[in-house]
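Breakdown of the fold
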Amino acid sequence: MEMNELIAERRKLAWREELRKSHSPKERTAIARAQMPELDPQYRITTLTEEVNQGLTEEQALVEARRCLDCAKPTCMEGCPVGIHIPSFIKEIERGNFAAAASTLRETTSLPAVCGRVCPQERQCESRCVYQTMKKPAVAIGYLERFAADWAREHNAVEMPTLAPPTGKKIAVVGSGPAGLSFAGDMAKLGYEVVVFEALHEIGGVLKYGIPEYRLPNKVVDAEIELLKQMGVSFETNTIIGATLSYDDLHEMGFSGLFVGSGAGLPNFMNIPGENLIGVMSSNEYLTRVNLMNAGDPDSETPVFRGQHVAVIGGGNTAMDSVRTAKRLGAERAMIVYRRSEEEMPARLEEIAHAKEEGVEFLTLHNPIEYLADERGHVAKMRLQKMELGEPDPSGRRKPIPIEGAIEEIPVEVVVVSIGVSPNPLIPNTFSGLNVTPKGTIVVNELGATDLPDVYAGGDIVRGGATVILAMGDGRRAAANMHRYLSGN
Ligand code: FAD
Ligand code: SF4
């Protein structure tokens, strides 16, 4: 059935018609948007692990779901990269059938509890909600998605998907981030034996090593991994494809297809003087050590430098995660240094707001030009060039221009460089025959297929740094198309 027909069919269900009539649009639009319960900022900066957003209560979710008008043309769905049946799951919540809401989400997304927490909803589904045209806050679609997914997990109501009979074919997945996990889940459902190879000792990719626990608890990611294991997916950690095992090794091991979801974990640097000093590091190093190696604990074998003055360079989600981590590790002055203004910051609005509540300082329109050392070779100061905004550049954002002579020096003991990432180069370099762009991303066609007939790819290794939901959507698309290819269609 076509998507539009399915939406119309579901909308015609008797219970849905009844529910629509139970409150007038005027009553629905008069309800204020739910406020997410949050930990107090003064308390939360003392804990690396407790989640800031506490999730809607059942009462809040029921009321928020009532705000949704169950539009005949749900424009919100056009803003969702994986086409979640948004009004369908929200109306299930409104009638109190939370398990059915979670099942509806599972039709199109394999990581609803993750996406409900980290998706930039304000730029996706919620930006297209009809409430925006009324100049009212959008229905809190992300909060409701998280509510339904958490409810199902906490009540052991996550349905085990129906698995097709075994095809007898084995599939290898490189990388266990959202692209690899969603691909693995879909292939397992289609009856394939799936093995996920992961270079690190932990499964989950950025969901584990990048995004901190206070924003995305590990138990949420682990529940998804557990479900995949129950579906028969197996995981081989500490295995680097392209080093531990080659492309040829995988063929010899009997794999008929390969999905590359190896991500973009190679940090970019500015190449300015002093970037090699002790105390200057990438956000990848900083976050991975704290999140996966317990380096926030001073008694661990490899603790990170703490520092009272910590500068994080950049304005994206990774920068916010790093600076908020620094605050939690006790920094007195935790600073974001960003060369444009706050308006151009790519980070989610919620992350910026949370960082400010936690006392993070924002040095916008500032750009580091040099780091200076103390007598031990440890970073002690940074020199910042003040900027102003000029005309828009090719990205559409106003270009930062240095203000001549406007330079200041600020004391710092830790600098975390968070100005973007590049694709992990190992697979592009070791799989001969792949078409790779000058930026190092793997080229795929509209089916997610690479130039090697049995190799598909998706997520950040193709997009060069994007979002969880886009990586997940790539994994799903590649699974559907690899299945067609392997079944001879
Ligand atoms: P990854 O998640 O990077 O996973 C790739 C995996 O492949 C890794 O585990 C890696 O170890 C493994 N690997 C690499 N090479 C090999 C190899 N040769 N052999 C075996 N394994 C290999 N997006 C959002 O939507 N919302 C957010 O709030 C958000 N916050 C972020 C915060 C941080 C700190 C970071 C770094 C990113 C954030 N993102 C966010 C972006 C998002 O996490 C990524 O776009 C997404 O994780 C990409 O998924 P992926 O599966 O392509 O790659
Ligand atoms: Fe509900 Fe907004 Fe989607 Fe309409 S656009 S169906 S009100 S979430």
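First, a word on what this report is: a plain description of the structure on this page. Only a predicted model underlies this, so the values are computations on that prediction, with no experimental measurement involved. (Residues numbered from 1 in each chain as written. Chains lettered and ligands numbered in written order. Predicted model: local features only at pLDDT ≥ 70, side-chain atom pairs only at ≥ 80, totals over all residues. Heavy atoms only, no water.)

**Regarding empty space enclosed by the protein**
Applying the stated rule across the entire model yields five cavities of 30 Å³ or more. Around the largest cavity, the lining comprises 15 residues; the ones closest to its centre are C68, C71, C76, C129 and V139. Mapped onto the lining of the largest cavity, the elements with two or more residues apiece are α6 (75–78) and α7 (86–94). The biggest single contributor to the lining of the largest cavity is α7, with three residues. For the lining of the largest cavity, the residue count by class is 13 nonpolar, one polar and one charged. Of the voids in this model, the second largest cavity is the one considered here, and its volume is about 100 Å³. Lining the second largest cavity are 13 residues, with C80, I84, C119, C125 and E145 positioned closest to its centre. Only α7 and α10 (141–154) provide two or more residues apiece to the lining of the second largest cavity. Class assignment for the residues of the lining of the second largest cavity results in 10 nonpolar, two polar and one charged. (1 Å grid on protein atoms, 1.4 Å probe; cavity = no way out; pocket = protein on both sides within 12 Å on 5 of 7 lines; lining within 4 Å. Points joined across faces, edges and corners; volume = space filled by probe spheres on them. Helix = DSSP H or I, 4+ residues; strand = E, 2+ residues; numbered from the N terminus. Nonpolar A, V, L, I, M, F, W, Y, C, P; charged D, E, K, R; others polar.)

**Some remarks on the side chain of Q385**
With respect to the helices, strands and loops of the structure, Q385 is situated in strand β11 (residues 379–392). Note on Q385: relative accessible area 11%, which makes it buried. One polar contact links the side chain of Q385 to the main-chain carbonyl oxygen of A406, over a distance of 3.3 Å. With near-sequence residues (within four places) excluded, Q385 lies in contact with L365, H366, N367, I369, P402, I403, A406 and I407. (Buried < 20%, exposed > 50% of the residue type's maximum accessible area, 1.4 Å probe, protein only. Polar contact = N/O pair within 3.5 Å; in protein donor to acceptor, adjacent residues only side chain to side chain. Contact = heavy atoms within 4.5 Å.)

**Observations concerning the pattern of salt bridges**
Scanning the entire structure with this criterion turns up 40 salt bridges. In this structure, R44 engages E357 in a salt bridge whose closest nitrogen and oxygen atoms are separated by 2.7 Å. Within this pair, whereas R44 is found in helix α4 (residues 41–44), its partner E357 is found in helix α17 (residues 349–357), the two being separated by 313 residues in sequence. When the shortest N-O distance is used, the salt bridge between E358 and R324 registers 2.9 Å. (Salt bridge = Lys/Arg side-chain N within 4 Å of Asp/Glu carboxyl O.)

**Digging into the site of ligand 2**
The local shell around ligand 2 consists of C68, L69, C71, T75, C76, P87, C129, V130, V139 and I141. Judged by its atoms lying within 2 Å of the grid points, ligand 2 is housed in the largest cavity. (Near = heavy atom within 4 Å. Sits in = over half its atoms within 2 Å of the grid points.)

**Comments concerning the layout of surface pockets**
Over the atoms rolls a probe the size of a water molecule, and its path tells where empty space is left. Each pocket or cavity is described by its volume, and for the second largest pocket that value is around 380 Å³. If you go around the second largest pocket, you meet 18 residues; those closest to its centre are R33, E126, Y143, R348 and E350. In terms of residues, the lining of the second largest pocket owes the most to one element, α17, which gives five residues. Residue assignment places the lining of the second largest pocket across two domains, with domain 1 (3–155) and domain 3 (269–420) each supplying three or more. (Domains from an automatic or database assignment.)

**Quick notes on the packing of aromatic side chains**
In this description, a pair of aromatic rings is defined by centroid distance and the angle of the planes. Within this structure, the stated rule accounts for five aromatic pairs. Considering the side-chain rings of F98 and W151, the 5.6 Å spacing of their centres and the 65 degrees angle between planes classify their relative orientation as edge-to-face. One end of the pair, F98, is in helix α8 (residues 98–106); the other, W151, is in helix α10, with 53 residues separating them in the sequence. Its relative accessible area of 18% is what places W151 among the buried residues. Ring geometry for Y247 against F431: centres 4.9 Å apart, planes inclined by 40 degrees, an arrangement best described as tilted. With Y247 in helix α14 (residues 247–252) and F431 in the loop between α18 (426–430) and β15 (455–457), this residue pair connects regions lying 184 residues apart in the sequence. As far as burial versus exposure is concerned, Y247 and F431 are alike and both buried. An aromatic cluster of at least three residues, connected via ring pairs, comprises F98, F147 and W151. The ring of Y214 is capped by R328, whose NZ or CZ atom sits 3.8 Å from the centre of that ring. (Phe/Tyr/Trp six-rings, centres within 6.5 Å; stacked < 30°, edge-to-face > 60°. Lys NZ or Arg CZ within 6 Å of the ring centre and 35° of its normal.)

**Things to note about helix α15 (residues 283–293)**
An α-helical turn contains 3.6 residues, so a residue and the one three or four places further along point in the same direction. Judged by how many residues are buried, α15 sits mostly within the fold: eight of 11 residues are covered. Taken as a whole, α15 has its buried residues at S283, N284, Y286, L287, T288, R289, V290 and L292. Each element contacted by the buried residues of α15 is listed here: α12 (206–209), β5 (266–267), β6 (280–282), α16 (317–328), β13 (414–417) and β14 (421–422). In the segment just after α15, N294 is the residue with positive phi, at about 60 degrees.

**Focus: the site of ligand 1**
Around ligand 1 sit 36 residues in total, of which V118, E198, R215, I241 and D460 are the nearest. One of the backbone nitrogen or oxygen atoms of V206 is found 3.0 Å away from an oxygen atom of ligand 1. In this structure, T467 approaches ligand 1 through a main-chain N or O atom, which is 3.4 Å from an oxygen atom. Protein chains bury 94% of the 1,000 Å² of accessible surface belonging to ligand 1 in isolation. Of all the elements in the fold, those that place two or more residues in the shell around ligand 1 are α11 (178–189), α12, α16, α18 and α20 (468–486). It is α16 that contributes the most residues to the shell around ligand 1, three residues altogether. Each of domain 2 (170–265 + 423–487) and domain 3 (269–420) gives at least three residues to the shell around ligand 1. (Areas by Shrake-Rupley, 256 points an atom, 1.4 Å probe, with all protein chains shown as cover.)

Shape descriptors only; they carry no functional weight alone.
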